[in-house]
2 protein chains.
Amino acid sequence: MRPALRPSTLLLCALALVASAAIAAAAAKPRTMQEVLDASQPSDWRALDPAHTLYMDLPGGRVVIELAPAFAPLHAANIETLARARYWDGLAILRVQDNFVAQWGDPEADQPGKRRPLGEAKATLPPEFVRPAAGLPFTRLPDGDVYAPEVGFSDGFPVARDPRRGEAWLAHCYGMVGAGRDNAVDSGPGTELYAVIGQAPRQLDRNIALVGRVVQGMELLAALPRGSGPLGFYEQPQQRVPILRVRLAADLPPAERTNLEVLRTDTPTFAALVESRRNRRDDWYKVPAAHIDLCNVPLPVRAAPKR
Amino acid sequence: MRPALRPSTLLLCALALVASAAIAAAAAKPRTMQEVLDASQPSDWRALDPAHTLYMDLPGGRVVIELAPAFAPLHAANIETLARARYWDGLAILRVQDNFVAQWGDPEADQPGKRRPLGEAKATLPPEFVRPAAGLPFTRLPDGDVYAPEVGFSDGFPVARDPRRGEAWLAHCYGMVGAGRDNAVDSGPGTELYAVIGQAPRQLDRNIALVGRVVQGMELLAALPRGSGPLGFYEQPQQRVPILRVRLAADLPPAERTNLEVLRTDTPTFAALVESRRNRRDDWYKVPAAHIDLCNVPLPVRAAPKR
């Protein structure tokens, strides 16, 4: 006859069962975004690359833009050249159109005698509206999209993808930054930039070079008075908010940089964040949506911890 | 032998051919939205109903809100009761959260000794988050939706529909107005209202009563400074933009009304407008999107022609 389990063994088994049930419950319990972020590890975040981070200093504060050289390398390089040449210093916000864009650049860009010279930067650039999908890291979202066959994230940027054509492109979500152009596809060298301040104008995807994303300071653009002219252009020079300076982070001494980290988009933590937003389970929500649009996924940013 | 055609007959035939070719070409040529609107007839537009139109006068100007009694009849009626009682006069914008909402109401709503009495208006209302789809006029959009089985327009409002459940509900597009509530589903009687000022927060659909749409004056809300407190609440009373008055259009003498018309959403003109936005064919666009999201369809408004 086998010996009966000793009481201490039974107790240990009971404790183990309770512990594993608790762990399983904690893993299964849908978490809020804040809980996901609170549980994140340092490796879930990445610092912005100072060589590809732009600071636009306005009277109201700093707009921080992460450039996207993986999608628009020539535009990113040209913008970096312009920033190093202090091209935008003293230029201005030209246009704020409600539920569309804020746009900035040289108010006299169309006046050959008065416009600011570009220095070593190029005046035209080949269009960088789409890129090959091959080789592009891509975390796909589960719920599809109205505009594109697939959507997801690539290194922190919202991306649409067409596997049949083997193409990928950045999507015009809120805060994305693009290079304004005229009708000619090479006429947007990055001297005039815009940021999306309303409902994502996805019809612009593949028609213009998106070059980056505002990671901090969107309210400095989105809350600007709307211009009274056509397309939201300001009609009087004094209405335009001046740009104090635009600098590459790498060109500032470390003490003047804004050290930010963004959540990586290729981790289980990010997947948990997406799920926490697809299905909100706090007490306020009665009907979790069970879906999420590409442009409704938050992309958290935080001050880089001191190390 | 038959007589040959006379030269004048040949000329008439040629002219007729040219004319019909021109007519056919004009009908087939994709039009811009402006061309569609320029070609619209008076019957393509409808006046706002003064009995269901709210004016919120702020120092910066007038916000005009069309209420949606077809979706939220109890909320619309309660809001109209509050407006008639001048409930919001001297209250304020409480909260502006970037890429989300502007919200307004009584800053002291949570203080029983200080809050403004509701008069004859109700303090709680049953939730009006969805309604039966049966009997609802509905112009379906062709491109589907991430969140709902069907989307389209009903009498000028953006709507999502689930035919399997037989339900329809208003969608949280830019400019839509809802009744803020606490966790209890009946806690949003319409005393505190919000408007969407960024990317459509579709996860709110079916969780809260949408009550109408801002048809004019969105910039007066969307360009407000963002609140510095949590969720964009203003932390200091002096930061809150005051509400001068809120009135039903019907309660003002005609000379004080803002007479607007909105484009009907159940006409061939509206279908042409949707198509002109799904596929942009002006010289600037290189790749027409061939799709459009519910919340990217413009809903034109104009001053009512004098008749």
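Residues numbered from 1 in each chain as written. Chains lettered and ligands numbered in written order. Predicted model: local features only at pLDDT ≥ 70, side-chain atom pairs only at ≥ 80, totals over all residues. Heavy atoms only, no water.

As recorded by an unreviewed UniProt entry, chain A carries the name peptidylprolyl isomerase and is attributed to Mizugakiibacter sediminis.

Enquirer: Residue-level account of the sheet that holds strand S6 (residues 131-132) of chain B, with values.
Expert: All names here are of chain B. Here five strands make up an open sheet; going across it, the order is S6-S10-S9-S8-S7 and the pairing antiparallel. Both outer strands of the open sheet, S6 and strand S7 (139-140), are each paired with one neighbouring strand and no more. Relative to strand S10 (residues 167-170), strand S9 (residues 157-162) runs antiparallel, the two being bridged by four bridges. Looking at the pairing, Arg161 lines up with Ala168 of S10. (Pairing = 2+ DSSP bridges. Helix = DSSP H or I, 4+ residues; strand = E, 2+ residues; numbered from the N terminus.)

Enquirer: Help me get a handle on helix H3 (residues 73-84) of chain B, residues and values and all.
Expert: Residue and element names in this part refer to chain B. In this model, H3 (12 residues) spans 16 Å end to end at C-alpha, consistent with the 16 Å of a helix rising 1.5 Å per residue. Every buried residue belonging to H3 is among His75, Ala76, Asn78, Ile79, Glu80, Leu82 and Ala83, and all of these are buried. In this structure, the buried side of H3 is in contact with strand S2 (53-58), strand S3 (61-67), strand S11 (176-179), strand S12 (193-196), strand S13 (210-216) and strand S14 (245-248). Among the residues trailing H3, Arg86 stands out with phi positive, at a value near 60°. (Expected span 1.5 Å × (residues − 1). Buried < 20%, exposed > 50% of the residue type's maximum accessible area, 1.4 Å probe, protein only. Contact = heavy atoms within 4.5 Å.)

Enquirer: Pulling in residues and values, what's your account of the pairing of strand S15 (residues 260-263) of chain A?
Expert: All names here are of chain A. Going residue by residue along S15, you find Leu260 and Val262 tucked away on one face and Glu261 and Leu263 tucked away on the opposite face as well. By the bridge criterion, three bridges tie strand S1 (residues 45-47) to S15 in an arrangement that is antiparallel. Within S15, the position partnered with Arg46 by the bridge is Val262. Looking at chain direction, S15 and strand S16 (residues 301-303) are connected through three bridges and run antiparallel. Residue pairing for S16: Val262 is matched across the bridge by Val301.

Enquirer: Explain the relation of the copies chain A and chain B to me, using residue names and the numbers behind them.
Expert: Taken as rigid bodies, chain A and chain B are interconverted by a rotation of 180° and an axial shift of 0.0 Å, the fit giving an RMSD of 0.3 Å. Expressed as a symmetry operation, the mapping of one chain copy onto the other fits a two-fold axis. Comparing interface residues between copies, 100% of those in chain A also lie at the interface in chain B; the contact surface is shared. (Least-squares fit on C-alpha atoms with pLDDT ≥ 70 in both.)

Enquirer: How would you sum up the packing of aromatic side chains? Please name residues and give values.
Expert: Per the stated rule, a full pass over the model turns up six aromatic pairs over all chains. Ring centres of Phe153 of chain B and Phe270 of chain B lie 5.3 Å apart, and the angle between their planes is 75°; this geometry places the pair in the edge-to-face category. On the criterion of sequence distance, the pair formed by Phe153 of chain B in strand S8 (residues 150-154) and Phe270 of chain B in helix H5 (residues 268-278) is long-range, its members being 117 residues apart. Per residue, the accessibility class of Phe153 of chain B equals that of Phe270 of chain B, and both read buried. The ring of Tyr55 of chain A has Arg62 of chain A lying over it, and the distance from NZ or CZ to the ring centre is 4.0 Å. (Phe/Tyr/Trp six-rings, centres within 6.5 Å; stacked < 30°, edge-to-face > 60°. Lys NZ or Arg CZ within 6 Å of the ring centre and 35° of its normal.)

Enquirer: Mind laying out the interface of chain A and chain B, listing which residues take part and the relevant values?
Expert: Taken residue by residue, the interface counts 42 residues in chain A and 42 residues in chain B. Carbon and sulfur atoms supply 52% of the area buried between chain A and chain B, which totals about 3,700 Å² over both sides. The largest contributions to the chain A side of the interface with chain B come from Val146, Gln199 and Trp284 of chain A, which together make up 21% of the buried area. Applying the counting criterion to the chain A and chain B interface returns zero salt bridges. In this assembly, chain A and chain B are joined by 20 residue pairs in polar contact (both at pLDDT 80 or more). (Buried area = accessible area lost by both parts, 1.4 Å probe. Salt bridge = Lys/Arg side-chain N within 4 Å of Asp/Glu carboxyl O. Polar contact = N/O pair within 3.5 Å; in protein donor to acceptor, adjacent residues only side chain to side chain.)

Enquirer: Tell me about the environment of Pro149 of chain A, and please be specific about residues and values.
Expert: Residues and elements named next belong to chain A. For Pro149, the location among the structural elements is in the loop between strand S7 (139-140) and strand S8 (150-154). For Pro149, a relative accessible area of 44% corresponds to the partly exposed category. Distance in space between the C-alpha atoms of Pro149 and Gln34 is 31 Å, their sequence separation being 115 residues.

Enquirer: Can you tell me about the pattern of salt bridges, naming the residues and giving the values?
Expert: Throughout the structure, instances matching the rule amount to 34 salt bridges over all chains. Here Asp145 of chain B and Arg202 of chain B are joined by a salt bridge, their closest N and O atoms 2.8 Å apart. Residue Asp145 of chain B is located in the loop between S7 and S8, and its partner Arg202 of chain B is located in the loop between S12 and S13; the two are separated by 57 residues in the primary sequence. Just as Asp145 of chain B is buried, Arg202 of chain B falls in that class too. Beyond isolated ion pairs, a larger network of salt bridges with shared partners links Asp57, Arg62, Arg245 and Glu256 of chain A.

Enquirer: Before we move on, could you go through the sheet that holds strand S5 (residues 101-105) of chain B and cite the residues and values that matter?
Expert: Residue and element names in this part refer to chain B. Taken together, the eight strands give an open sheet; going across it, the order is S4-S5-S12-S11-S13-S3-S2-S14, and neighbouring strands pair in antiparallel fashion. The open sheet has two edge strands with one neighbour each: strand S4 (92-96) and S14. Across the sheet, the mean angle from the axis of one strand to that of its neighbour is 30°, orientation sign disregarded. Relative to S5, S4 runs antiparallel, the two being bridged by four bridges. Counterpart to Ile93 in the pairing with S5 is Trp104. Most of the contacts of H3 go to S14, to which it runs at about 120°, and overall it touches S2, S3, S11, S12, S13 and S14. (Axes fitted to C-alpha atoms, helices over the stretch in contact; angles between N-to-C directions.)

Enquirer: Account for the environment of Asp293 of chain B, naming residues and giving values.
Expert: Mapped onto the secondary structure, Asp293 of chain B falls in the loop between H5 and strand S16 (301-303). Exposure remark for Asp293 of chain B: the relative accessible area of 8% places this residue in the buried category. For the pair formed by Asp293 of chain B and Val146 of chain B, sequence separation is 147 residues and the distance between their alpha carbons is 9.1 Å. Setting aside residues up to four positions removed in sequence, Asp293 of chain B forms contacts with Val146, Tyr147, Gln199 and Asp293 of chain A together with Asp145 of chain B.

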